[in-house]
Amino acid sequence: MGDNLSTVNVIFTEFYYWVTVVFMFLIHVGFCMYEVGASRRRNHMHTLMKNTMAIPLVTVTFFFFGWWIYFAFPTGFYWVTFVSDALFYDPNKVASPWSPLMGARLSGANANDIAAGITADPADLNGSPVWHRLNGVFWAAFLLFSITTASIVSGAVIERIRSGAFWLIAVLLGSVLWITDAAWGWSAGGWMVKYLGYHDAYASGVVHAIAGGAALATLIVLGPRIAKFRADGTPREIPPHNPWLVTIGLFLIYTGFWGFYAACNIPMIAPATIAGQITGETWTTTNIYLTPTSLSAITFNFLMSLSGGMMAGYIFSKGNAFWTYSAGLCGIIGASAGNDLYHPIQAMLIGAIVPYIAYKLHYWVERRFKIDDAVGAVAVHGYGGFLGVVIAGFMLWGQPSSPYEGFATISPWGNFIGACIMFFLGFIPVYILAKVLNAFGMLRVPRKVELEGLDFASQREYEKAVAEVIETERALVK
């Protein structure tokens, strides 16, 4: 009977993650619609393709080295470790691109695991080698987190960044930086969990704060859109070109975010197998740290934090549709760090308070520092994610961060330090890359192109290239 349960568990888990990946793809449909709706007509195709092409670029780079980083760095860096042990497989056997576990297969009873020298591990779902069935769907779930993290920056910088510059930032953020912070603070054996008691169950900091930090760094170097600020320094509102696309895009992001939440859980695990720390016969769902939770709990809290954000956003923005929808998203992000443990009313209140603070910070930073964030991404994701992690440290103070012995409990200082690590791990490296690109004239489009519109400039270059080809062919004929 036990073997049958283990087999069903593996097959169910494989299908479960496959479904969550499909749902998470809706986030990127939403991002594309949202950004095109927010940009002006003369920049639509550039905005669309800039965001779209981040998907294959991050996918390929995440296959070659991003997944390896997650398994290689939970103790710190490969060459400097902060803890002496990790709860993961050897990255070279599991996640290197040449590993037999990184390809499609129909194997016998764990044949590829045995061939790779992989044995039972305490971090396994049921205490037996199952990676030949689960590695691909786990990889895909984390890949979608990676693409989401990179795409958050895309909306903030519309109408003025070169596509190639954004793609380099997307690869750095999606396939290097965010997966490093996931190894540190969003894994069962991460050093931040062990020593800081860091708790961020649904990625307020791990995905959103780091993306907000990266977006802010890019915007500081990139500068505002032409005519965003008047001569006296006061900002102009540049409303969305198509509010309907923005609306539909954000609702698709909500829907995909629901799949994102499900993908942050491990669906079926026997508690007795979690390092012997949890005893009992009942199978359960756990969060990324292997602490028991349930899909019912996160369903309550997802919808309550969304609703708290939307209601608050409608009130403080005086019915502004853009900020009502954005506040709903910010409400989810603000509550995400602790939504595995919050009561639904707590989730609703946190979901209402965090967007209000983020909204006020957005306009203060815009006026004070002349930062032109076209879609409020730094506020919604960066400030909202940072605050969400800090609040979770207070609200869950003293709760266990992990079922493993010797791990620190959740605390305000542990989560505050963790939130700073997440935000600045995105900010500092991306700021350096943006400065280098800017020094070589590779970050921002020329003023003339920005005034004409990036779509028209691209079309003109295309027509020029076609004309040159025709002229060459005529010369050859002569």
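Residues numbered from 1 in each chain as written. Predicted model: local features only at pLDDT ≥ 70, side-chain atom pairs only at ≥ 80, totals over all residues. Heavy atoms only, no water.

A. Here's a closer look at the overall build of the protein. Within the protein, the regular secondary structure consists of 17 helices and three strands. In the protein, buried positions account for 58% of the 478 residues. Here the contacts in the protein between residues at least 6 apart in sequence split such that 77% fall between residues at least 24 apart. Counting every atom, the protein has about 19,600 Å² of accessible surface; 69% of that belongs to carbon and sulfur. (Helix = DSSP H or I, 4+ residues; strand = E, 2+ residues; numbered from the N terminus. Buried < 20%, exposed > 50% of the residue type's maximum accessible area, 1.4 Å probe, protein only. Contact = heavy atoms within 4.5 Å. Areas by Shrake-Rupley, 256 points an atom, 1.4 Å probe, with all protein chains shown as cover.)

B. Molecular detail of unusual backbone geometry. A positive phi is found at A203, a non-glycine position, where the angle reads about 75°. Mapped onto the fold, A203 is located in the loop between α8 (191-196) and α9 (204-222). For A203, a relative accessible area of 0% gives the class buried. The backbone of K318 sits at a positive phi, close to 60°, despite the residue not being glycine. Among the structural elements, K318 can be located in the loop between α11 (295-316) and α12 (321-336).

C. A look at the packing of helix α13 (residues 344-369) against helix α14 (residues 377-395). For the pair α13 and α14, the least separation of the axes is 9 Å and the interaxial angle reads 135°. By the angle class used here, α13 and α14 are oblique. Considering how the two elements wind past one another, α13 and α14 form a crossing that is right-handed. For the pair α13 and α14, contact is made by Q346, I350, V354, I357, A358, L361, H362 and V365 and by A379, Y383, G384, L387, I391 and M395, respectively. (Axes fitted to C-alpha atoms, helices over the stretch in contact; angles between N-to-C directions. Parallel < 35°, antiparallel > 145°, perpendicular 65-115°, else oblique. Left-handed = near helix turned anticlockwise from the far one by under 90°.)

D. Looking closely at the sheet that holds strand β2 (residues 284-286). On the basis of which strands lie adjacent, the open sheet formed by three strands has the order β1-β2-β3 and antiparallel pairing. The sheet is open, and its two borders are formed by β1 (266-269) and β3 (292-293), each paired with just one other strand. In the sheet, β1 pairs with β2 via two bridges, with the strands oriented antiparallel. The residue of β2 that forms the bridge with I269 is T284. (Pairing = 2+ DSSP bridges.)

E. Region of the structure containing the environment of L433. Summarising the element assignment, L433 is placed in helix α15 (residues 412-439). Between the C-alpha atom of L433 and that of A217, which follows or precedes it by 216 residues, the distance is 9.5 Å. Apart from residues no more than four positions distant in its own chain, L433 is found in contact with L168, I169 and L172.

F. Local environment of empty space enclosed by the protein. Throughout the structure, instances matching the rule amount to four cavities of 30 Å³ or more. The calculated volume of the second largest cavity comes to roughly 100 Å³. In terms of lining, the second largest cavity is formed by 15 residues, of which the most central are F31, Y34, V375, A377 and H381. Of all the secondary-structure elements, those providing two or more residues to the lining of the second largest cavity are α1 (2-38), α6 (131-156), α10 (243-263), α12 and α14. Of the residues in the lining of the second largest cavity, the class split is nine nonpolar, five polar and one charged. (1 Å grid on protein atoms, 1.4 Å probe; cavity = no way out; pocket = protein on both sides within 12 Å on 5 of 7 lines; lining within 4 Å. Points joined across faces, edges and corners; volume = space filled by probe spheres on them. Nonpolar A, V, L, I, M, F, W, Y, C, P; charged D, E, K, R; others polar.)

G. Representation of the confidence of the model for the protein within the structure. When pLDDT is averaged along the protein, the result is 87; 84% of the residues meet or exceed 70. Scored below 50 in pLDDT, residues 106-128 makes 51 contacts in the model with residues more than four places away or belonging to other chains. (pLDDT = per-residue confidence, 0-100.)

H. Spotlight on the environment of T61. Residue position: T61 is located in helix α3 (residues 54-72). The exposure class assigned to T61 is buried, which follows from its relative accessible area of 16%. Setting aside its immediate chain neighbours within four residues, T61 contacts G66, V171 and S175.

I. Examining the nonpolar core more closely. Formed by 138 residues in total, the largest nonpolar core has its most connected members in W67, F142, F145, W178, W186 and F260. Among the elements that line this core, the one with the most residues is α6, at 16 residues. Once you skip the residues sitting within four places of it in the chain, F260 turns out to touch M24, I27, F145, Y202, A203 and V207. (Core = buried A, V, L, I, M, F, W, Y, C linked by side-chain atoms within 4.5 Å.)

J. Structural view of the environment of F302. By secondary structure assignment, the location of F302 is in helix α11. Note: C-alpha distance between F302 and Y254 (48 residues apart in sequence) is 9.7 Å.

K. Examining a nonpolar patch on the surface more closely. On the surface, a nonpolar cluster with roughly 740 Å² of combined accessible area is contributed by I345, L349, I353, Y356, I357, L361, W364 and F369. Its location among the elements puts I357 in helix α13. (Patch = residues over 30% accessible without salt bridge, like charges linked within 9 Å, V, L, I, M, F, W, Y side chains within 5 Å. Salt bridge = Lys/Arg side-chain N within 4 Å of Asp/Glu carboxyl O.)

L. Summary view of the packing of aromatic side chains. Applying the stated criterion to the full structure yields 46 aromatic pairs. Measuring from centroid to centroid gives 6.0 Å for W68 and F73, while their planes differ by 75°, and the two rings are edge-to-face. Assessed through its relative accessible area of 19%, W68 is described here as buried. Their ring planes at 80° and their centres at 6.0 Å tell us that F145 and W178 sit as a pair that is edge-to-face. With F145 in helix α6 and W178 in helix α7 (residues 163-185), the pair connects residues that are 33 residues apart, well separated along the chain. The aromatic ring of F166 is capped on one face by K50, whose charged end is 4.9 Å from the ring centroid. Positioned above the aromatic ring of F369 is the side chain of R368, whose terminal nitrogen or guanidinium carbon lies 5.1 Å from the ring centre. (Phe/Tyr/Trp six-rings, centres within 6.5 Å; stacked < 30°, edge-to-face > 60°. Lys NZ or Arg CZ within 6 Å of the ring centre and 35° of its normal.)

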